[in-house]
Amino acid sequence: MNKAILRRLQGIGIALLAGLTFFASSGVRAADYPDRPISLIVAYSPGGATDFQARIVSMMAAKPDYLGQPMVIINKPGAGGQVGWNWFASEAKPNGYELAAYNLPHVIAQSIMFDTKYNIHNLIPIANWGADPAVLIVAKDSPFNSVKDLVAYAKKHPGKITVSGAGLYVGHHIATLQLEKAAGIKLTYIPTKGGVPAMQYVIGGKVMAGFNNLSDAYRNRERLKILAIADLQRNKEFLPDVPTFKEEGINVDDSSVNFRGIMAPKGTPKAVVDFLAQRIPKMFHDKKVAAKMKAGGSPLRIMDQAQVEKMWQRRQVYLTELLSKLRKKK
Amino acid sequence: MDFIRYLPDALSAWNLLILCIGTIGGLVLGATPGLSPTMAVALLIPFTFQMPADSGLILLGSVYTATVAGGAVSAILVNIPGAPANIATVLDGHPLAQQGRATEALHYCFISSLIGGVLGVLVLIFFTPILANFALKFGPSELFWIAILGVTVIGSLGSKSVLKGLFAGAFGLWLSTIGYDPVMGVERFVFSSYLTGGINIIAALIGLFAIPQVLGMLESAASGGRISEMYDLEKRSVWTSFRYNISRVRALTIGSITGIIVGLIPGAGGQIAGLVSYDQTRKMSRDPSRFGKGEPDGVIAAESANNAMVGPSLVPLLTLSVPGSPTAAVLLGGLLIHGLFPGPNLFTTHAKVTWTFIDALLLGQVLMAVFGLMISRYSRFVTRVSNNFMAAAVTVLAVFGTYSVQNNFSDVMVMMTLGTAMYFGIKLGFSPAPVVLGIILGPIAETNFAQGRLIAESSQGVLPYFFTGTINLVLIALCVGSIGYSIFTEVRAARRRKGASQ
Amino acid sequence: MNATRLTSIGALVLSLLLYWAAVAPGDPRSYLFPEVIAIAMAILAAAMLVRNWKPSAAKGNAPSSVPWSRLWPAFVIFVAYLLLAQPLGFYLTSWLAFVAISTVYSPAESSIIGAKRCLPASFVFLGILYLVFVLLLQVQTPRGVLF
């Protein structure tokens, strides 16, 4: 038996030779960037909001005015995005063919709270395509009709109000922390796996309130009361009647807004980064992209590289301070 | 009768063509280990970008339907469930194939899928308004008890010894706690960087079933082994199978009803529909000892359940945008891309697209059965492939399938390690199904317990939170009943054995 | 010492190890669940041990042996496959793994005949795989030096 197996090992040698000649035929050629499809790493599962928007904004990439090559979405989900971004910061080749989608404030908050391989110093932002602000929601039959009602109740009953959101250290969590700090109240934050159960628990009355994405809240507006939006301005397009927290007298800014955009790993050649920074915002401005995004109920907010860089820096400073208490507890 | 009014739209030549392509493609993808329905639908969503809304949704719907049934093909023929939903199908389906009754087993699989599937879609068509709010009644405490109900099934999952089955299930539960815990925000048991993302369910499923199967085939490969030596004997007419199948009313009823209920519950998904109905059918059977050795009822119950789940899992999705299964969650993305916002208005403002989609699901069930039954008779070409080729092909497929789930090579490493360990585990009398069930149920139980505890501590306290409320009490009663009945049958079987040996 | 008894002892040791791993980090809130599971495992393992203590009780479900002499090449191929898949590229290593497994374990008399049968099969199989994964589903696999 054993001998028979060993004898066959020599057969593998023959097979090997035949096969190598076949496989070796595909060579590598160098040409002007980009000369082959560009991968875009998405750190969330297919079908999620980030994935779905990344697919829309990258669908016109092959047009010669934009990148001249298609973008291929590669999903590397896990641990709230950490698996994909860790891989991106440590393994991705800085040659311009491997880019990733970022989610703010997740990327920065996670790099502050966890032992991640990424931080704002080894990632280069290229451009921002969208912004989904967090909104404070309660069920239709909830006794709270405004932020003031909720704050007054929380002052009387510290920690009794449960607030759901799509996980830890995501925009919804940041918004909850900001609200607690600005209003001087204590809430109980219930992290769920993604925004869908968080929304479901609010509608079903399993929690008393929740922070959720503006786009999802808008879709479910008939079953909800939307109390306030955690942004600097009202959203004229979808929810013109919902006040911002600042209008309600609570100092919550836009730090929890879920910004989505494209970034490159550190070490990508300057010429490539400049090319991308110039072309990608144009690609986001394409009419077809705007139409599809609007149809999907996803707000567009396009920012160029300089603007994104400034925003990243501001968030890093602010979040380090906001999260410092939680960090000490760990 | 809106669904009849829009039937001609689903039957236009172009849509019918898409329906056929989706169904055949879905069967093939579903039968490939590693390509679960969730993945197949997710991978196809970008293709629907360029299509009109109704055609795109028909493609997704038909692929969803067909992949769920297709997963049973590899379960029966090669002992590897194509998706978690097909785990229960393996238990009796593969023994049938080994006895040279592969075609028969496939017939039962597709006929039961058709019956369960059509019933499920009918529930979607007629009862959506009544059932729309059912999903909202499920919060963390209810979902926790559902997971526990799933755990009570573990003991009866094809292990020779109940204790070993429970031990394997508990080990699976423990494995599921590896990685990042989304509620507590800590990383646990990340002994190696390969484990950062935790243990992916599909990777575990492939590894635990496929790798021991490969090694088992290789044990006999060099002497010319095959899955079944009796492949020449089988000539089975669909009609004979059909008559037998519809006479199994009990298995079909239990399967379909369980599937429909599980489908309506958000988050539970078809992954446990098949297992729960298999367990019920076995417990209610006159002779439970026949299960696990090639009992057609096992296949019938499991397959009718996991297809019955498809329609109802769309009820909370279409009305509340709360998906009833992981695949339905991906389908939500597909709906949004075409500007269809789930909600009460969906059936009025977008009536045409919505009803065409639902009709396509109904037609998809029929086409799935027709094509499935047509390919069933070719099953002998799979079971007669000699083991060396089969093992090589399964190994490569396992690696590809695992990698493509999350584009993560760590998953491949985890898959191979778990699989090799399972091979030795099987030699020691443990079986893979309880481990996989543990890995599936672990996060459902733990996440919901942790969330429930946070909510409870801010209000009435942990014990009252988990032990009050109608649904909680019903679920607890079911758990107690399930455990009690298992003990009862175990004791009865032990007495009989004693009586027989004396 | 019979093998079933060893299995039960092994299971008990494993559960105690897992329990220790869950208790060691010292964060009772986040480690509650794994702790409870490890205790349940230990109880089950202890029950197995009690039940299998008498050799007569274990009759009929004794562990079957592992045919190492037949399986060692398979384990070697698995390890090589995992190690080479990223540096060499998925399709090349998969093809090599396919050829290696089907040739080594071929029931044919000589290796040449075995290889002759395996090569066409390997090309057909990988061709289909490439079509399905790359062209149809657009899955991106790690590309190595060759392919």
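Residues numbered from 1 in each chain as written. Chains lettered and ligands numbered in written order. Predicted model: local features only at pLDDT ≥ 70, side-chain atom pairs only at ≥ 80, totals over all residues. Heavy atoms only, no water.

**Student:** So what about the overall build of chain C? Which residues, and what values?
**Tutor:** Along its length, chain C carries five helices and zero strands. Ordered by position from the N terminus, the helices and strands of chain C form the series α-α-α-α-α. Per-residue burial for chain C yields a buried fraction of 45% across its 147 residues. Accessible surface for chain C amounts to roughly 7,200 Å². Of this, 72% is attributable to carbon and sulfur atoms. (Helix = DSSP H or I, 4+ residues; strand = E, 2+ residues; numbered from the N terminus. Buried < 20%, exposed > 50% of the residue type's maximum accessible area, 1.4 Å probe, protein only. Areas by Shrake-Rupley, 256 points an atom, 1.4 Å probe, with all protein chains shown as cover.)

**Student:** If you had to explain the sheet that holds strand E8 (residues 209-213) of chain A to someone new, which residues and values would you point to?
**Tutor:** Strand pairing in a sheet relies on backbone hydrogen bonds. The paired strands run either parallel or antiparallel. Residues and elements named next belong to chain A. Strand order in this open sheet of five strands is E7-E6-E8-E5-E9, and the pairing throughout is mixed. The sheet is open, and its two borders are formed by strand E7 (188-191) and strand E9 (224-229), each paired with just one other strand. Geometrically, the sheet is characterised by an average inter-axis angle of 30° between neighbouring strands, direction not taken into account. (Pairing = 2+ DSSP bridges. Axes fitted to C-alpha atoms, helices over the stretch in contact; angles between N-to-C directions.)

**Student:** Could you give an account of the pattern of salt bridges, naming the residues involved and the relevant values?
**Tutor:** Residue and element names in this part refer to chain A. Considering all chains together, one arrives at 18 salt bridges over all chains under this definition. Residues Lys 63 and Asp 286 are paired through a salt bridge, measuring 3.9 Å at the closest nitrogen-oxygen approach. Taken as a pair, Lys 63 in the loop between helix H2 (49-57) and strand E2 (71-75) and Asp 286 in the loop between helix H9 (270-284) and helix H10 (287-295) lie far apart in primary sequence, 223 residues in all. Residue class for Lys 63 comes out partly exposed when judged on its relative accessible area of 36%. Among the residues examined, Asp 286 registers a relative accessible area of 7% and is labelled buried. For Arg 301, the salt bridge is made with Asp 231, and the minimal N-O distance between the two is 2.9 Å. Of this pair, Arg 301 sits in strand E11 (residues 300-303) while Asp 231 sits in the loop between E9 and strand E10 (258-265), placing them 70 residues apart in sequence. (Salt bridge = Lys/Arg side-chain N within 4 Å of Asp/Glu carboxyl O.)

**Student:** Which residues make up helix H20 (residues 387-406) of chain B, and what values do they have?
**Tutor:** In this model H20(B) runs 29 Å from its N-terminal to its C-terminal C-alpha over 20 residues, within 8% of the 28 Å that 1.5 Å per residue would give. Backbone geometry just downstream of H20(B) places Asn407(B) in the positive-phi region, at approximately 50°. (Expected span 1.5 Å × (residues − 1).)

**Student:** Outline the nonpolar core, listing residues and values.
**Tutor:** Core analysis: the largest hydrophobic core is formed by 305 residues, its most contacted members being Met71(A), Ile280(A), Leu323(A) and Leu314(B). The element best represented in this core is helix H5 (residues 53-78) of chain B, accounting for 16 residues. Setting aside chain neighbours within four positions, we find Met71(A) in contact with Ile38(A), Leu40(A), Ser58(A), Ala61(A), Leu99(A), Ile262(A), Ile280(A) and Met283(A). In this structure, Ala134(A), Val163(A), Ala230(A) and Val252(A) belong to the second largest nonpolar core, which totals 23 residues. (Core = buried A, V, L, I, M, F, W, Y, C linked by side-chain atoms within 4.5 Å. Contact = heavy atoms within 4.5 Å.)

**Student:** Can you tell me about the packing of H5(B) against helix H16 (residues 326-337) of chain B, naming the residues and giving the values?
**Tutor:** Residues and elements named next belong to chain B. Put simply, H5 and H16 touch, their axes get as near as 10 Å, and they point 170° apart. Here H5 lies roughly antiparallel to H16, going by the angle between them. Contact residues: H5 offers Leu 57, Leu 60 and Tyr 64, while H16 offers Thr 327, Ala 328, Leu 331, Gly 334 and Leu 335. Of the residues that constitute the contact of H5 with H16, the class distribution is six nonpolar, two polar and no charged. (Parallel < 35°, antiparallel > 145°, perpendicular 65-115°, else oblique. Nonpolar A, V, L, I, M, F, W, Y, C, P; charged D, E, K, R; others polar.)

**Student:** Which residues make up the interface of chain C and chain B, and what are the values?
**Tutor:** Listed per partner, the contact involves 61 residues of chain C and 59 residues of chain B. Both faces combined, the contact of chain C with chain B buries some 5,600 Å², and carbon together with sulfur accounts for 79% of it. On the chain C side of the interface with chain B, the three residues burying the most area are Arg29(C), Phe33(C) and Leu82(C), jointly 12% of the side's total. Taken together, the links from chain C to chain B amount to one salt bridge. Here Glu457(B) ties to Arg29(C) by a salt bridge, and the two come within 3.2 Å at their closest N and O atoms. For the pair chain C and chain B, the interface holds six residue pairs in polar contact (both at pLDDT 80 or more). (Buried area = accessible area lost by both parts, 1.4 Å probe. Polar contact = N/O pair within 3.5 Å; in protein donor to acceptor, adjacent residues only side chain to side chain.)

**Student:** Give me the lowdown on the sheet that holds E10(A), citing residues and values where you can.
**Tutor:** Residues and elements named next belong to chain A. Taking strand neighbours across the sheet as the criterion, the six strands line up as E2-E1-E3-E10-E4-E11 in an open arrangement whose pairing is mixed. The open sheet is flanked by E2 and E11, the only strands paired with a single partner. Averaged over all pairs of adjacent strands, the angle between their axes in this sheet comes to 30°, without regard to strand direction. Bridge count between strand E4 (residues 123-132) and E11: two bridges; the pairing is antiparallel. By the bridge assignment for E11, Asn 128 is matched with Met 303.

**Student:** If you had to explain a nonpolar patch on the surface to someone new, which residues and values would you point to?
**Tutor:** Residues and elements named next belong to chain C. Taken together, the side chains of Tyr 19, Val 23, Ile 39 and Ile 43 present a nonpolar region at the surface, about 340 Å² in accessible area. Put simply, the parts of the chain that give the nonpolar patch at least two residues each are helix H1 (3-23) and helix H2 (28-51). Assignment of secondary structure puts Val 23 in helix H1. Of the residues examined, Val 23 reaches a relative accessible area of 36% and is grouped as partly exposed. (Patch = residues over 30% accessible without salt bridge, like charges linked within 9 Å, V, L, I, M, F, W, Y side chains within 5 Å.)

**Student:** Tell me about the pairing of strand E1 (residues 38-42) of chain A, and name the residues and values.
**Tutor:** All names here are of chain A. Of all five residues in E1, five are buried, a share of seventy percent or more. Of the two faces of E1, the one holding Ile 38, Leu 40 and Val 42 and the one holding Ser 39 and Ile 41 are both buried throughout. With five bridges connecting them, E1 and E2 associate as parallel partners. Along E2, the bridge assignment pairs Val 42 with Asn 75. Across three bridges, E1 lies against strand E3 (residues 98-104) in parallel orientation. Residue pairing in the sheet places Ile 41 in a bridge with Ala 100 of E3.

**Student:** Which residues make up the domain arrangement of chain C, and what values go with them?
**Tutor:** The domains assigned to chain C are domain 1 (3-58) and domain 2 (68-136). Computed from C-alpha coordinates alone, the two centres of domain 1 of chain C and domain 2 of chain C are separated by 39 Å. (Domains from an automatic or database assignment.)

**Student:** Any chance you could break down the confidence of the model for chain B for me, citing the residues and the numbers?
**Tutor:** Chain-level statistics for chain B give a pLDDT mean of 86 and a share of 95% at 70 or above. Per-element confidence in chain B is highest for helix H21 (residues 409-427) of chain B, whose mean pLDDT is 94, and lowest for helix H19 (residues 379-383) of chain B, whose mean pLDDT is 75. (pLDDT = per-residue confidence, 0-100.)

**Student:** Lay out the packing of aromatic side chains with the relevant residues and their values.
**Tutor:** Evaluation of the coordinates by the stated rule reveals 39 aromatic pairs over all chains. Relative to Phe467(B), the ring of Trp145(B) lies with its centre 5.4 Å away and its plane at 70°, an arrangement referred to as edge-to-face. Highlighted residues: Trp145(B) in helix H8 (residues 140-153) and Phe467(B) in helix H23 (residues 462-467), separated in sequence by 322 residues. An aromatic cluster is present here, built from Phe144(B), Trp145(B), Phe449(B), Tyr465(B), Phe466(B) and Phe467(B) joined pairwise through their rings. Across the ring face of Tyr218(A), the terminal group of Arg221(A) is positioned such that the distance to the ring centre comes to 4.1 Å. (Phe/Tyr/Trp six-rings, centres within 6.5 Å; stacked < 30°, edge-to-face > 60°. Lys NZ or Arg CZ within 6 Å of the ring centre and 35° of its normal.)

**Student:** An account of the state of the cysteines is requested, with residue identities and associated values reported.
**Tutor:** All names here are of chain B. What the rule picks out here adds up to zero disulfides over all chains. Not part of a disulfide, Cys 109 finds its nearest cysteine sulfur in Cys 20, a span of 19 Å. Given the relative accessible area of 0%, Cys 109 is considered buried. (Disulfide = S-S within 2.5 Å.)

**Student:** Explain the environment of Asn200(B) to me, using residue names and the numbers behind them.
**Tutor:** All names here are of chain B. Here Asn 200 lies in the loop between strand E2 (186-188) and helix H10 (201-221). Note on Asn 200: relative accessible area 16%, which makes it buried. Separated by 210 residues in the primary sequence, Asn 200 and Ser 410 have C-alpha atoms spaced 9.9 Å apart. For Asn 200, the residues in contact, after removing those within four places along its chain, are Val 405, Gln 406 and Asp 411. Looking at Asn 200, its side chain comes within polar contact range of the main-chain nitrogen of Ile 202, at 2.8 Å.

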